[in-house]
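So the chains spell out like this:
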Amino acid sequence: MNNMSKNIKNDDGTEDTLVINSSDNYDLKLDKSYVLANRTLKKESKLSKKFKGSILGADIGFKSGGFSNIAILATVIAIGVILIMYFMWRF
């Protein structure tokens, strides 16, 4: 056998077929569990996923999901700073 093919399922649900051929009739004897390359996806810890899902880890920028999360975060920070300033100047 001088060729090998493997079906690869993409993130969007489509399937592609990867075909490897040997031009010098070299025998390709690989089992089904053989990995051609490492996964390109980075593994994230549960803590980082929870942080990215929270209001403090929200995406900021032009392509962010919305403005309300950032407005709420800014309001909470402003109220906290005002309270700290009040207690520091009072005593």
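Just so it is clear, the structure is predicted and the values come from calculations on it, not from any experiment.

Asks: I'm lost on a nonpolar patch on the surface in this one. Help?
Replies: Together, Ile-77, Val-81, Ile-84, Met-85, Met-88 and Trp-89 give the surface a local cluster of nonpolar side chains, amounting to about 680 Å² of exposed area. Examined against the element boundaries, Met-85 turns out to sit in helix α2 (residues 68-90).

Asks: What's the story with a negative patch on the surface in this structure? I'm lost.
Replies: Residues Asp-11, Asp-12, Glu-15 and Asp-16 make up a contiguous surface patch of negative charge. Along the chain, Asp-11 turns up in the loop between β1 (3-9) and β2 (15-21). Exposure remark for Asp-11: the relative accessible area of 75% places this residue in the exposed category.

Asks: Help me out: how do you make sense of the pairing of β2 in this one?
Replies: Successive side chains on a regular strand alternate, one facing one side of the sheet and the next facing the other. Sheet analysis places β1 next to β2, joined by seven bridges and oriented antiparallel. Of the residues in β2, the one forming a bridge with Ser-5 is Val-19. If you look at the hairpin formed by β1 and β2, you'll find five residues sitting between the two strands, and Gly-13 has a positive phi there, around 100°.

Asks: Before we go on, may I ask you to explain the confidence of the model for the chain in this structure?
Replies: Detailed reading of the predicted coordinates is not advisable wherever pLDDT falls low. Across the chain, the average pLDDT comes to 77, with 74% of residues at 70 or higher. The weakest mean pLDDT in the chain belongs to helix α1 (residues 46-53) at 77; the strongest belongs to α2 at 89.

Asks: Whenever I open this one, the packing of aromatic side chains confuses me. Can you help?
Replies: Aromatic ring pairs: the centre-centre distance and the angle between the two ring planes describe each pair. This structure, assessed with the given rule, holds one aromatic pair. Ring geometry for Tyr-86 versus Phe-87: centroids 5.5 Å apart, planes at 65°, classification edge-to-face. With a relative accessible area of 45%, Phe-87 lands in the partly exposed category.

Procedures and definitions
- Residues numbered from 1 in each chain as written.
- Predicted model: local features only at pLDDT ≥ 70, side-chain atom pairs only at ≥ 80, totals over all residues.
- Heavy atoms only, no water.
- Patch = residues over 30% accessible without salt bridge, like charges linked within 9 Å, V, L, I, M, F, W, Y side chains within 5 Å.
- Areas by Shrake-Rupley, 256 points an atom, 1.4 Å probe, with all protein chains shown as cover.
- Salt bridge = Lys/Arg side-chain N within 4 Å of Asp/Glu carboxyl O.
- Helix = DSSP H or I, 4+ residues; strand = E, 2+ residues; numbered from the N terminus.
- Lys, Arg positive; Asp, Glu negative; His and termini not counted.
- Charge placed at Lys NZ, Arg CZ, Asp CG, Glu CD.
- Buried < 20%, exposed > 50% of the residue type's maximum accessible area, 1.4 Å probe, protein only.
- Pairing = 2+ DSSP bridges.
- pLDDT = per-residue confidence, 0-100.
- Phe/Tyr/Trp six-rings, centres within 6.5 Å; stacked < 30°, edge-to-face > 60°.

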